[in-house]
Structure formats: structure tokens, C-alpha cells
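Now for the letters of each chain:
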Amino acid sequence: MSTVGVLALQGDVREHLAAATRVGATAIGVRRLAELESVDALIIPGGESTTIDKLLRAFDLFEPLKERIHAGMPVMGSCAGMIMLATDLVGGIEGQQSLAAIPMTVRRNAFGRQVDSAETELVWEPDGSAMHATFIRAPWVEACSPEVEILATAAGPDGTRHPVAVRHGSAIATSFHPEIAAPGAVHDDRVHRLLLDLI
Ligand code: GLN
């Protein structure tokens, strides 16, 4: 059985542990180097990217994590996790770093600060099916290299569409929260299953 780690420094760790368990992985929280070294794949949860960045460095995990990702470990980031996986940021704070796993520019709080949270129906491009997605102070992909596969797009406040789910090699990033189900709905675990398939 594959072990999927969830970076457990800050953010919605529990929901991702539950989703990874539902798709059949052994799920563990990752806070230490030994835990990072023991996982087959890692999820970077939503939360606050500036805090996750600072804590990664405080826990001496930033460089080891970057090395594992660049050595090909499958990784998935949602929301703040998407920001952490970008090469370039718009709207980052002074000194904010990211792990540069996906050649893309990500805009923080892209849907506007007033859009605290929203639910939208997306088209999941790999099979053209519908996907219900929850956005919370979400980023979007402002620009990306042509090698980046776009898995879903969503319209911004002015109607222009932007990628909100992408894949590059073994790295997946979503603006939305695939670990959160709409009230009363069953969990849609397609993004977590895709991560497991990359192991
Ligand atoms: N706006 C947050 C950030 O910049 C991300 C929000 C989220 O992860 N739900 O990190």
C-alpha cells in the first residue's frame, strides 16, 4: 500500500488525511524530515501560503522537500498548496518563497479578497465530466509554460477564464479544495486518486 503524507504544519490537514485514506493510501501527517523521507507522495494543504512557507523553513523542511519534489516525488497542492508549487507569484509578500515544482505564475487571492468562498461547477478536462469545486480565498494560474497540462478552468469576476487545476509531470495543483465536499454531497476524490496513480 502506498503512503501519502500530508504536510501538517498549518491548514486543512485532517480533510486531506481523510481523502487520502478514502482512495486507499496509508495517510500520515508530515512535520519532520524522517516523516517526509517515509512517504511515496505528499499533499500540501490549503491554509496560508506565507505561514506554510515560514514554517517549512523553521522546521528545516523547505530544502529537503524541494529536493524530493524535484527528484520526482508525486505532489499535490490545493489553494495555498498551489501557491507553494509555483515558480512565480503575483501578490506574494516580501521574501515569500515557493517550491518551484510547476512552471507557472500563480496570483494569490485572485478572485478578489471579497470573494471569501464560492462553489462552482467545473469541467474536469481529462474526461469532460462535471466537477463541483469549493474555492476559499483562492489563487488562479495567471500564466504557465506550454508543458503544463490544464485540468480545469474557471471564470474570474470579469468573465475571463483561468486555469484552476494543472498538472506538470508528477505535480498537481488546484485552486480549489478537492478534500471538501459540498454540504450533503459525497466526496469527489478524483484529484486524490490522480495523485495516487502518479506513484
Ligand atoms: N489566500 C491563501 C494564501 O495566499 C490561500 C487560501 C487557501 O488556501 N484556502 O495562502
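In the nomenclature of an unreviewed UniProt entry, the protein corresponds to Pyridoxal 5'-phosphate synthase subunit PdxT from the organism Demequina litoralis. Quoted verbatim from the Sequence similarities (unreviewed entry) field of the UniProt record, the comment on the protein reads "Belongs to the glutaminase PdxT/SNO family." The Subunit (unreviewed entry) field of the UniProt record for the protein holds the comment "In the presence of PdxS, forms a dodecamer of heterodimers. Only shows activity in the heterodimer."

(A) Here's a closer look at the UniProt feature "binding site: L-glutamine" (unreviewed entry) in the protein. On the UniProt side, "binding site: L-glutamine" (unreviewed entry) is annotated at positions that read G47, E48, S49, R108, I136 and R137 here. Over a stretch of 91 residues, the named residues converge on one spot in the fold, their C-alpha atoms separated by at most 12.9 Å. Here G47 is to be found in the loop between β3 (41-44) and α3 (49-58). When residues no more than four places from it in sequence are discounted, the contact partners of G47 are Q10, G11, D12, I52 and A80. In this fold, R108 is placed in the loop between β6 (102-107) and β7 (117-124).

(B) Spotlight on the pairing of strand β2 (residues 26-30). Alignment of strand β1 (residues 3-7) against β2, held across five bridges, turns out to be parallel. Bridge pairing in β2 links L7 to V30.

(C) Seen up close, the environment of S145. For S145, the location among the structural elements is in the loop between β9 (140-144) and β10 (149-155). In the structure, S145 is positioned 41 residues away from M104 in sequence and 6.2 Å away in space, judged by C-alpha atoms.

(D) Focus on unusual backbone geometry. For D60, which is not glycine, the phi torsion reads 55 degrees and is therefore positive. Position of D60 among the secondary structure elements: in the loop between α3 and α4 (62-70). The class of D60 is exposed, set by 11 C-beta atoms lying within 10 Å. In this structure, N109 is a non-glycine residue whose phi angle is positive, near 45 degrees. Counting through the fold element by element, N109 comes out in the loop between β6 and β7.

Parameters and conventions
- Residues numbered from 1 in each chain as written.
- Predicted model: local features only at pLDDT ≥ 70, side-chain atom pairs only at ≥ 80, totals over all residues.
- UniProt positions renumbered as here; feature names shortened; annotations may be inferred.
- Helix = DSSP H or I, 4+ residues; strand = E, 2+ residues; numbered from the N terminus.
- Contact = placed C-beta atoms within 7 Å.
- Pairing = 2+ DSSP bridges.
- Buried ≥ 20, exposed ≤ 12 C-beta atoms within 10 Å, placed from the backbone.

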